[in-house]
Amino acid sequence: MKNFPPIILASKSPRRQELLKLMDLDFKIVLKEVDESYPDNLTPEEIAVYIAQKKATAFDESVSEDELVLTADTIVSIDGHILGKPESEQHAIEMLQMLSGKVHQVITGVCLFYKQQYHSFYDVSDVTFRTLTDEEIINYVTKYKPMDKAGSYGIQEWLGVTSIVKINGSYTNVVGLPTEKLYQALLKMQD
């Protein structure tokens, strides 16, 4: 295993934390409030990277040269609509109704801030849901409260394990962090 610099994970997502643990990486969590708005003219991929970079710039002055800041942002895109985190239970239900029986894209933008340089990338996974009943959607939203999840669902929860027919791309990207691409990016930064 390579010796990576001390990693600061700028995310409160328990899913991202678990993925870094599975990668055998040591990290600490430091959170900063960041405005997650973005310009209207960006593609979904550009939005995810833009927000990840915005989160990283919040650390410009507060990290040492040897620390690496890891930020990420995950969005869901379907038919030209960007689905971030739902604003209410009703909004979550509406999002899941949009995703029902269709293919959507999960896009995670990642930014690594190290030695005053930004290294950004993204990954895209196509996810296909079976057709969901309104009862299933309402029960899921009521029981699992997916208010902190882009697109209103977690692939590792009931809806993900009972309703996703197919994934084309990285599973961990859908969870919230494309770990294979992250690992390769970390290795390149060691060179």
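Every value quoted in this text rests on a predicted model; they were computed, and no experiment measured them.

## Some remarks on the overall build of the protein
Moving on, step 1. Across its full length, the protein carries seven helices and seven strands.
Moving on, step 2. Reading the helices (α) and strands (β) of the protein from amino to carboxyl end gives β-α-β-α-β-β-α-β-β-α-α-β-α-α.
Moving on, step 3. Since a compact globule built from 191 residues should have a radius of gyration of about 16 Å, the 17 Å found for the protein is in line with a globular shape.
Moving on, step 4. Seen through its C-alpha atoms, the protein measures out along the principal axes to roughly 50 × 35 × 25 Å.
Moving on, step 5. In the protein, buried positions account for 48% of the 191 residues.

## Some details on the pairing of strand S6 (residues 117–129)
Moving on, step 1. When strand S5 (residues 103–114) meets S6, the two strands line up antiparallel, connected through 12 bridges. Paired with threonine 108 across the strands is aspartate 123, a residue of S6.
Moving on, step 2. Bridge analysis of S6 against strand S7 (residues 164–168) gives four bridges, and the strand direction is antiparallel. Paired with valine 127 across the two strands is isoleucine 167, which belongs to S7.

## A few points about helix H2 (residues 44–57)
Moving on, step 1. Spanning 14 residues, H2 covers 20 Å between terminal C-alpha atoms, matching the ideal 20 Å at 1.5 Å per step.
Moving on, step 2. Looking at H2, one finds that the buried residues are Ile47, Ala48, Val49, Ile51, Ala52, Lys55 and Ala56.
Moving on, step 3. Those residues of H2 hidden inside the fold are in contact with strand S3 (68–78), strand S4 (81–83), S5 and S6.

## Points about the packing of aromatic side chains
Moving on, step 1. Enumeration over the complete set of coordinates arrives at four aromatic pairs.
Moving on, step 2. Seen from their ring centres, phenylalanine 4 and tyrosine 183 are 6.0 Å apart, and the 80 degrees between their planes marks the pair as edge-to-face. Here phenylalanine 4, found in the segment before strand S1 (7–9), pairs with tyrosine 183, found in helix H7 (residues 179–190); they are 179 residues apart in sequence, far enough to count as distant.
Moving on, step 3. The class for phenylalanine 4 is buried, based on a relative accessible area of 17%.
Moving on, step 4. Residue classification places tyrosine 183 among the partly exposed residues on the basis of a relative accessible area of 25%.
Moving on, step 5. Taken together, a centroid distance of 4.6 Å and an interplanar angle of 25 degrees make the contact between phenylalanine 113 and tyrosine 118 stacked.
Moving on, step 6. Overall, the relative accessible area of 2% leaves phenylalanine 113 in the buried class.
Moving on, step 7. Overall, the relative accessible area of 32% leaves tyrosine 118 in the partly exposed class.
Moving on, step 8. Seen from the ring of phenylalanine 59, lysine 32 lies directly overhead, with NZ or CZ sitting 5.1 Å from the centre.

## Considerations on the pattern of salt bridges
Moving on, step 1. Counted according to the given criterion, the structure contains 10 salt bridges.
Moving on, step 2. With its nearest N and O atoms 2.9 Å apart, the salt bridge here joins glutamate 89 to lysine 145. With a gap of 56 residues between them, glutamate 89 in helix H3 (residues 89–99) and lysine 145 in the loop between helix H4 (134–144) and helix H5 (158–163) connect regions that are remote in the sequence.
Moving on, step 3. Accessibility expressed as a relative area gives 34% for glutamate 89, which makes it partly exposed.

## Regarding H4
Moving on, step 1. Here H4 has its buried residues at Glu136, Ile137, Tyr140 and Val141. An end-on view of H4 places all buried positions within 125 degrees of arc, on one side of the element. Exposed positions of H4 whose direction lies more than 90 degrees from the buried face are Glu135 and Lys143.
Moving on, step 2. Those residues of H4 that are buried are in contact with H3 and H5.
Moving on, step 3. Once H4 ends, the next one or two residues include lysine 145, with phi positive near 45 degrees.

Analysis parameters
- Residues numbered from 1 in each chain as written.
- Predicted model: local features only at pLDDT ≥ 70, side-chain atom pairs only at ≥ 80, totals over all residues.
- Heavy atoms only, no water.
- Helix = DSSP H or I, 4+ residues; strand = E, 2+ residues; numbered from the N terminus.
- Rg over C-alpha atoms; globule rule 2.2 N^0.38 Å.
- Buried < 20%, exposed > 50% of the residue type's maximum accessible area, 1.4 Å probe, protein only.
- Pairing = 2+ DSSP bridges.
- Expected span 1.5 Å × (residues − 1).
- Contact = heavy atoms within 4.5 Å.
- Phe/Tyr/Trp six-rings, centres within 6.5 Å; stacked < 30°, edge-to-face > 60°.
- Lys NZ or Arg CZ within 6 Å of the ring centre and 35° of its normal.
- Salt bridge = Lys/Arg side-chain N within 4 Å of Asp/Glu carboxyl O.
- Arc of directions from axis to C-beta.

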